[in-house]
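Survey of secondary and tertiary structure
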Amino acid sequence: DETLLKKLAKPMLVCAPLIWGSTFFMIKDALDDVDALFMLAFRFTLAAVLLAAVFWRRWRDMDLVYLWQGGLLGLLMGAAYILQTFGLMGTTPGKNAFFTAVYCVIVPFLYWAVDRKRPTRWNVLAALLSVTGIGLVSWDGGGLTIAAGDVLTLCAGFLLACHIVAVAKFAGGRDIFLLTTLQFAAIALMCWVGTAFSRGVPTGGLSAPTWWVMLYLAVGSTAVALLFQKVGQKYADPASAAQLLSLEAPFGALFSVA
């Protein structure tokens, strides 16, 4: 129901980063036991299968436009998640969450370039505050330190900003559930190819806690949270959506500390 989805859009855009924020410390620990690309491949494959099964009736609307749009969204988000995950291996969960959320201030400027909608003075102020925040979390007491993991995470944040703008352009008049399922499938394909080249498929058994983390990532953080993100973005303007999604940073830091 369109009316109900419009009412739930912003609550969904708050629930999504809450779920994501709870995963940073889990992923950080699980990466000691499993290859990053295999984790992502498993996560998005299971999420794609779940959504395809739940929304199977929507497949009758499938066409080539859905295919290339879902593929492009998958390419942007898949590359972002790969960079973010590898970045987490070289920085702290709190810094990884904060640097990822830089997309919040990139989105209005990127949307300006694409749709000619000028950022407000509040967008400019947010950008300055974000740069200040990056400096503060990078200060180790003796000087400004930017690790390789931080750089990868910042690149991931830029790609996530591109993804948010792309969703804003594609979502109008399209079935967001079908588009999201195709996006997950594209990300899964990317990661399985990467896993084959990196030989990241585990040959031995994984620990029970690692499997539970991977299941939580697939069902909660991907199938549920990313679907919430897509539905919320469909019914909210890109700048507002980015601001709400940036709650991932404080949630990530709080869960990491706890």
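Preceding this section is the structure that the text describes.
In what follows, the accompanying structure is described. (Residues numbered from 1 in each chain as written. Predicted model: local features only at pLDDT ≥ 70, side-chain atom pairs only at ≥ 80, totals over all residues. Heavy atoms only, no water.)

Take the nonpolar core next. Of all hydrophobic cores here, the largest spans 53 residues; its most connected members are Trp-20, Phe-44, Tyr-81, Phe-184, Leu-226, Val-231 and Leu-245. Breaking this core down by element, the ones donating at least two residues are α1 (2-21), α3 (36-54), α4 (64-88), α6 (103-115), α8 (148-170), α9 (176-198), α10 (208-234) and α11 (238-245). If near-sequence neighbours (up to four positions away) are discounted, Val-231 is found in contact with Leu-5, Met-12, Ile-176 and Phe-177. (Core = buried A, V, L, I, M, F, W, Y, C linked by side-chain atoms within 4.5 Å. Buried < 20%, exposed > 50% of the residue type's maximum accessible area, 1.4 Å probe, protein only. Helix = DSSP H or I, 4+ residues; strand = E, 2+ residues; numbered from the N terminus. Contact = heavy atoms within 4.5 Å.)

Looking now at the packing of α4 against α9. Axis separation between α4 and α9 bottoms out at 7 Å; the angle between their running directions is 50°. Between α4 and α9, the angle falls in the class oblique. Like other packed secondary-structure pairs, α4 and α9 cross with a definite hand, here right-handed. Contacts between α4 and α9 involve Tyr-66, Leu-67, Gln-69, Gly-70, Gly-71, Leu-73, Gly-74, Leu-75, Met-77, Gly-78, Ala-79 and Ile-82 from the former and Leu-178, Leu-179, Leu-182, Gln-183, Ala-186, Ile-187, Met-190 and Cys-191 from the latter. Here the contact of α4 with α9 is composed, by residue class, of 14 nonpolar, 6 polar and no charged. (Axes fitted to C-alpha atoms, helices over the stretch in contact; angles between N-to-C directions. Parallel < 35°, antiparallel > 145°, perpendicular 65-115°, else oblique. Left-handed = near helix turned anticlockwise from the far one by under 90°. Nonpolar A, V, L, I, M, F, W, Y, C, P; charged D, E, K, R; others polar.)

Let's shift gears to the packing of aromatic side chains. Applying the stated criterion across every chain yields a total of 6 aromatic pairs. Between Phe-42 and Trp-211, the aromatic rings sit 5.5 Å apart at their centres with planes inclined by 65°, giving edge-to-face as the arrangement. Here the residue Phe-42 occupies a position in helix α3, and Trp-211 occupies one in helix α10, the gap between them amounting to 169 residues. A relative accessible area of 35% means that Trp-211 is categorised as partly exposed. Here the aromatic rings of Phe-44 and Phe-184 are separated by 5.7 Å at their centres, their planes lie at 70°, and the arrangement is edge-to-face. With Phe-44 in helix α3 and Phe-184 in helix α9, this pair connects stretches of sequence that are 140 residues apart. Assessed through its relative accessible area of 0%, Phe-44 is described here as buried. Over the face of the ring belonging to Tyr-66 we find Arg-174, whose NZ or CZ atom lies 3.7 Å from the ring centre. The side chain of Lys-234 reaches across the aromatic face of Tyr-235, ending 5.9 Å from its centre. (Phe/Tyr/Trp six-rings, centres within 6.5 Å; stacked < 30°, edge-to-face > 60°. Lys NZ or Arg CZ within 6 Å of the ring centre and 35° of its normal.)

Among the surface-exposed residues, Trp-56, Trp-59, Met-62, Leu-64 and Leu-67 lie close enough to one another that they form a single nonpolar patch of about 530 Å² accessible area. Mapped onto the secondary structure, Trp-56 falls in the loop between α3 and α4. With relative accessibility at 51%, the residue Trp-56 sits in the exposed group. (Patch = residues over 30% accessible without salt bridge, like charges linked within 9 Å, V, L, I, M, F, W, Y side chains within 5 Å. Areas by Shrake-Rupley, 256 points an atom, 1.4 Å probe, with all protein chains shown as cover. Salt bridge = Lys/Arg side-chain N within 4 Å of Asp/Glu carboxyl O.)

Okay, the environment of Thr-91 next. Looking at the secondary structure, you find Thr-91 in the loop between α4 and α5 (93-100). Looking at Thr-91, the relative accessible area reads 8%, which means it is buried. For Thr-91 and Tyr-235, which are 144 residues apart along the polypeptide, the C-alpha to C-alpha distance reads 34 Å. Sequence-distant contacts of Thr-91, that is, excluding residues within four places in its chain, are made with Lys-28, Asn-96, Gly-149, Asp-150 and Thr-153. Among the polar contacts listed, one links the side chain of Thr-91 to the side chain of Asp-150, at a separation of 2.7 Å. (Polar contact = N/O pair within 3.5 Å; in protein donor to acceptor, adjacent residues only side chain to side chain.)

The next thing to look at is the side chain of Thr-85. Position of Thr-85 among the secondary structure elements: in helix α4. On the basis of relative accessibility, which here comes to 6%, the residue Thr-85 falls in the buried class. Within the local environment of Thr-85, its side chain forms a polar contact with the backbone oxygen of Tyr-81, the two atoms lying 2.7 Å apart. Contacts of Thr-85, omitting those with residues within four sequence positions, involve Leu-31, Ala-36 and Leu-40.

The next thing to look at is α1. Over its 20 residues, α1 extends 28 Å from the first C-alpha to the last, a length consistent with the 28 Å expected when each residue adds 1.5 Å. Helix geometry: α1 is bent most strongly at Ala-9, by close to 45°, with proline Pro-11 lying one to four residues after it. Among all positions in α1, only Leu-5, Ala-9, Met-12, Leu-13, Ala-16, Pro-17, Ile-19, Trp-20 and Gly-21 are buried. (Expected span 1.5 Å × (residues − 1). Bend = angle between axes of the 7 residues up to and from the residue.)

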